[in-house]
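Breakdown of the fold
Letter by letter, the chains look like this.
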Amino acid sequence: MDSYLFSMTDSAVLCTRARIDPRGPRFGGAISTVVLAIALIAIGTPLGAALIAWQTLVFGLGAFAGLRAQPYGILFRTFISPRLPAPAELEDSAPPRFAQLVGFAFLAVALLSVLLGSVLISAIAVAFALGAAFLNAAFNFCLGCEVFLLVKRLARSS
Amino acid sequence: MTGVLVVLAVLILATVFGLWFRANNGRMRTADVHTAGADEHGGEILDAQAIGVVLGSRATLVQFSSAFCQPCRATRQILDQVSGMIDGVVHVDIDAEANLDLVRALDIRRTPTVVILDDAGRIRKRASGLPRKADVIAALGELE
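Below is a summary of the structure that appears in this document. Being a predicted model, the structure only gives us computed values, none of them experimental.

Once that is clear, we can look at the overall build of chain A. From N to C terminus, chain A includes 7 helices and 2 strands. Tracing chain A from N to C terminus, the helices and strands come up as α-β-α-α-α-β-α-α-α. Restricting to contacts in chain A with at least 6 residues of sequence separation, those with at least 24 account for 70%. Surface exposure of chain A reaches about 8,100 Å², of which carbon and sulfur atoms provide 71%.

Attention now goes to unusual backbone geometry. All names here are of chain B. Going from T111 to P112, the amide bond is cis rather than trans, its omega being -5 degrees. Following the sequence through the fold, P112 ends up in the loop between α4 (100-105) and β4 (113-118). For D107, which is not glycine, the phi torsion reads 55 degrees and is therefore positive. With respect to the helices and strands, D107 occurs in the loop between α4 and β4. Relative accessible area serves as the criterion here: at 32%, D107 is assigned to the partly exposed category.

Turning our attention to the interface of chain B and chain A. Between chain B and chain A, the residue contacts involve 30 residues of the former and 36 residues of the latter. On the chain B side of the interface with chain A, the three residues burying the most area are F68, Q70 and R104 of chain B, jointly 29% of the side's total. For the pair chain B and chain A, the interface holds 4 salt bridges. For E146 of chain A, the salt bridge is made with R110 of chain B, and the minimal N-O distance between the two is 2.6 Å. Our count for the contact surface shared by chain B and chain A stands at 6 residue pairs in polar contact (both at pLDDT 80 or more). Elements supplying a minimum of two residues to the side of chain B that touches chain A: α1 (2-24), α3 (72-85) and α4 of chain B. Considering each element in turn, the side of chain B that touches chain A owes the most residues, 13 residues, to α1 of chain B. When grouped by side-chain class, the residues that make up the side of chain B that touches chain A number 16 nonpolar, 7 polar and 7 charged.

Residues and elements named next belong to chain B. Following the criterion strictly, the structure yields 2 disulfides over all chains and no others. For C69, the disulfide goes to C72, at an S-S distance of 1.9 Å. With the S-S dihedral at roughly 90 degrees, the linkage between C69 and C72 falls on the right-handed side.

With 23 residues, α1 of chain B extends 33 Å between its outermost C-alpha atoms, agreeing within 8% with the 33 Å of an ideal straight helix rising 1.5 Å per residue. Within α1 of chain B, the full set of buried residues consists of G3, V7, V10, A14, G18, F21 and N24 of chain B. Those residues of α1 of chain B that are buried are in contact with α2 (23-41), α6 (119-139) and α7 (143-154) of chain A together with β1 (29-30) of chain B. Just beyond α1 of chain B, the residue with positive phi is G26 of chain B, at close to 80 degrees.

All names here are of chain B. Read across the open sheet, the 5 strands follow the order β1-β5-β4-β2-β3; overall the sheet is mixed. Strand pairing shows two members of the sheet lacking a second neighbour, β1 and β3 (89-95), which therefore form its edges. Looking at chain direction, strand β2 (residues 59-65) and β3 are connected through 7 bridges and run parallel. Each bridged residue has a counterpart across the sheet, and for V62 the counterpart in β3 is V92. Here α3 sits on the sheet in contact with β2, β3 and β4, set at roughly 170 degrees to β2.

On to the packing of aromatic side chains. Applying the stated criterion to the full structure yields 12 aromatic pairs over all chains. Arranged with centres 4.3 Å apart and planes meeting at 15 degrees, the rings of F98 of chain A and F68 of chain B form a pair that is stacked. One end of the pair, F98 of chain A, is in helix α5 (residues 94-116); the other, F68 of chain B, is in the loop between β2 and α3, on a second chain. Among the residues examined, F98 of chain A registers a relative accessible area of 9% and is labelled buried. Assessed through its relative accessible area of 1%, F68 of chain B is described here as buried.

A separate point is the pattern of salt bridges. When the charged atoms of two side chains lie near each other, side chains of opposite charge can form a pair. Scanning all chains against the criterion turns up 12 salt bridges over all chains. Measuring nitrogen to oxygen at the nearest pair gives 3.0 Å for the salt bridge that ties R73 of chain B to E89 of chain A. With R73 of chain B in helix α3 and E89 of chain A in the loop between α4 (71-80) and β2 (91-92), this pair bridges two chains. Taken together, the shared-partner salt bridges connect R153 of chain A together with D107 and R109 of chain B into one network.

All names here are of chain A. Inspection of every chain in the model, using the stated rule, returns 1 cavity of 30 Å³ or more. Space inside the largest cavity adds up to approximately 240 Å³. For the largest cavity, the lining is made up of 20 residues, of which F59, A99, A132, A133 and N136 are closest to its centre. Residue assignment for the lining of the largest cavity shows that the elements contributing at least two residues are α2, α5, α6 and α7.

Basis of the calculations
- Residues numbered from 1 in each chain as written.
- Chains lettered and ligands numbered in written order.
- Predicted model: local features only at pLDDT ≥ 70, side-chain atom pairs only at ≥ 80, totals over all residues.
- Heavy atoms only, no water.
- Helix = DSSP H or I, 4+ residues; strand = E, 2+ residues; numbered from the N terminus.
- Contact = heavy atoms within 4.5 Å.
- Areas by Shrake-Rupley, 256 points an atom, 1.4 Å probe, with all protein chains shown as cover.
- Buried < 20%, exposed > 50% of the residue type's maximum accessible area, 1.4 Å probe, protein only.
- Buried area = accessible area lost by both parts, 1.4 Å probe.
- Salt bridge = Lys/Arg side-chain N within 4 Å of Asp/Glu carboxyl O.
- Polar contact = N/O pair within 3.5 Å; in protein donor to acceptor, adjacent residues only side chain to side chain.
- Nonpolar A, V, L, I, M, F, W, Y, C, P; charged D, E, K, R; others polar.
- Disulfide = S-S within 2.5 Å.
- Expected span 1.5 Å × (residues − 1).
- Pairing = 2+ DSSP bridges.
- Axes fitted to C-alpha atoms, helices over the stretch in contact; angles between N-to-C directions.
- Phe/Tyr/Trp six-rings, centres within 6.5 Å; stacked < 30°, edge-to-face > 60°.
- 1 Å grid on protein atoms, 1.4 Å probe; cavity = no way out; pocket = protein on both sides within 12 Å on 5 of 7 lines; lining within 4 Å.
- Points joined across faces, edges and corners; volume = space filled by probe spheres on them.

Spatial relationships are all this shows, so hold off on functional conclusions.
See below:
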């Protein structure tokens, strides 16, 4: 996990990770909420499948290629952030990037279920992702960050 | 139609949870007196060896942090301010991931979690999530 934390293309010294505008991930969470809501309504149709595939790609890029490569982040930096006042404070990019990984996990299950023909499991996975994206956008609640320590605790101590 | 109802249900549930979370996040609580090894003041006892610093003569603010934690930095700033402001108060920031035994022993589930020890190292107060500065100061006042 550490190797991916430090793999960011930030040229700063080791231990200072990339810092980002905290409004970026919340903006992305809002778009994800809309996309996932439509996907859930259209579940079982080609549109629903396409939206699930698209959102899987979005979260995958955010988690594995970094927030700079995440489409909604690019949208925010290109069109939104130039019109806003400078952020009061920058935040560490590791928590929101971890949130992308959690979103990706839900969406990967959803996409796999679509491909295997299980609409119900797909709907449940999308519903969880929708709830998490909404909590992120509306309450700045990072589900992945909150459960991270619990997951670590449950893992057997070495 | 079912899809729309499911979406509404998810959003309503998430809103209820979000409001509950916002109301309780960072609230300072008096430590549970029923923990093992509790004395009349309640709570477990932590010594300098367990937390890696010499205890404050008045109180010790023990913060548990992790890498994937947005409010940990703000919590650190608040606790640093408080420990700089009040004599005999020490602040220590512990990496939860690197101290999982302690995390399990104290049943810490989220980061940041702040536990306040009195002069004898007894756990007296506890908050999960970003605490308010005034609440930390008030909790220190209740230790006497």
